Amino acid sequence: MTQLELRQISKKFGNLTAVDRVSLSVNENELVALVGPSGCGKTTLLRLIAGFEQPDSGQILMGGQNITHLRPEERQVGIVFQDYALFPHMNVKTNVAYGLRFSSSMSTAAKRDRVEEFLQLVGLSELRSRMPEELSAGQQQRVALARTLAPQPRVVLLDEPFSALDQKLRHELRFDLKRLQHALKITMIHVTHDQEEALAIAEQVAVMNQGQIEQIGTPREVYQQPRTTFVARFIGRGNVLQARVVSAENKLLVARLGEDQPIKIAKSSGQSLSSDGQIEILIRPEHVQHGSGFENQLRGTLRGIEFLGEALLLHIEIAGQDVIAKIPVSSAKSEKLTEGQSVIIGFSSNDAAII
Ligand code: ATP
């Protein structure tokens, strides 16, 4: 069931269109990750949903009800910001209780129980009497989460809540967030700069560019079948190669990279190609293998090697284009790779997507 629906929402600041005819449907208990470059309109979109900004046009519906002109406190929308915004003069318990200030139908005892329940859910029961300054950054963000979730809002908006935390803490908190989402059946929109986080926790990933949602789909869809070059380059590390079509059948396309390097690419039936025969192909670095014996083979020159611990990134120039291969360190052991040498790489036709 759709919990939140945006219909053609637009917002201008002077001449600048910050949000441009955005439509979005978020189901109950679903987490949508909103990603996109700085300034593309993510925060403005959240502020519109929360009611801190009014759209110039379009509608916002919650559970089928038009809430476009409701005041923020009437919307039952919770929001968690990057800076935890805890009250420094209130202890943990009082900070969480503050989230229930608009829950006028709840008795004092019910509010007390709710605060305890949510402190337990975020693992902070023991620290209920501490002041914010006595908490670590991760603990402070947990308090902020509990404060937002305690009134059980219909939608929770998260604006880069973990971006100020170190990587290990971010991983812990995103795992906790997912656990809470399932346990409490919460509908969420989560703005993040961390694409891995978006792919790891979202049911749907919405990629924004210049005020518009350029693609929305499951993490697999946006990663494996990006609809535009922008999405291909923005989500994960991708090799986007220019090629020329040699022949196209229903399910298989043969293209040429440079003068003499033919490659086969699986094509979904009905997929249309541009009339000039030029195509862009996406191949993820982890799908590029080093060595021969693969369905597609390309010759190139090794231009650089990056050591990542568990893997090596090989930067290879092929017909004037750069290709990155991510190969396990173990598979490169047997051969000493040196910059400038000639290398052969391979990939399967199923691992190449036409953009
Ligand atoms: P970031 O990832 O850097 O936080 P964002 O995607 O959240 O960026 P927004 O903060 O929504 O982007 O801003 C979108 C555009 O609208 C930007 O060009 C920004 O400068 C502009 N903008 C946002 N708020 C206002 C405002 N109150 N007045 C004028 N321009 C604004």
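Residues numbered from 1 in each chain as written. Predicted model: local features only at pLDDT ≥ 70, side-chain atom pairs only at ≥ 80, totals over all residues. Heavy atoms only, no water.

## Quick word on the sheet that holds strand β20 (residues 352–354)
One key point about sheets: their strands pair by backbone hydrogen bonds, in either a parallel or an antiparallel sense.
Here's step 1: A sheet is described by the order of its strands in space; here five strands give the open sequence β13-β12-β11-β14-β20, paired in antiparallel fashion. Since the sheet does not close on itself, it has two edges, and those belong to β13 (261–266) and β20, each with one partner. Ignoring strand direction, the axes of neighbouring strands in this sheet form an average angle of 45°. (Pairing = 2+ DSSP bridges. Helix = DSSP H or I, 4+ residues; strand = E, 2+ residues; numbered from the N terminus. Axes fitted to C-alpha atoms, helices over the stretch in contact; angles between N-to-C directions.)

## Examining the pairing of strand β8 (residues 188–191)
Side-chain direction in a regular strand flips from residue to residue, so the side chains alternate between the two faces of the sheet.
Here's step 1: Covered by surrounding structure in β8 are M188 and H190 together with I189 and V191, the residues of both alternating faces.
Here's step 2: When strand β3 (residues 31–35) meets β8, the two strands line up parallel, connected through four bridges. For L31, the partnering residue across the bridge sits in β8 and is M188.
Here's step 3: In this sheet, β8 lies alongside strand β7 (residues 155–159) in parallel orientation, the contact comprising four bridges. (Buried < 20%, exposed > 50% of the residue type's maximum accessible area, 1.4 Å probe, protein only.)

## Topic: the domain arrangement of the protein
Here's step 1: Segmenting the protein into domains produces domain 1 (2–233) and domain 2 (237–354).
Here's step 2: Between the C-alpha centres of domain 1 and domain 2 there is a distance of 38 Å.
Here's step 3: Taken together, the contacts link seven residues of domain 1 with six residues of domain 2.
Here's step 4: With both chains or domains summed, domain 1 and domain 2 bury close to 660 Å², and 43% of this area falls on carbon and sulfur atoms.
Here's step 5: Counting the surface domain 1 buries against domain 2, the share from its top three residues, Y223, A232 and R233, is 66%.
Here's step 6: Across the contact surface, domain 1 and domain 2 share zero salt bridges.
Here's step 7: Our count for the domain 1 to domain 2 interface comes out at three residue pairs in polar contact (both at pLDDT 80 or more).
Here's step 8: Secondary-structure elements contributing two or more residues to the side of domain 1 that touches domain 2 are α7 (219–224) and α8 (229–234).
Here's step 9: Tallied by class, residues from the side of domain 1 that touches domain 2 come to four nonpolar, two polar and one charged. (Domains from an automatic or database assignment. Contact = heavy atoms within 4.5 Å. Buried area = accessible area lost by both parts, 1.4 Å probe. Salt bridge = Lys/Arg side-chain N within 4 Å of Asp/Glu carboxyl O. Polar contact = N/O pair within 3.5 Å; in protein donor to acceptor, adjacent residues only side chain to side chain. Nonpolar A, V, L, I, M, F, W, Y, C, P; charged D, E, K, R; others polar.)

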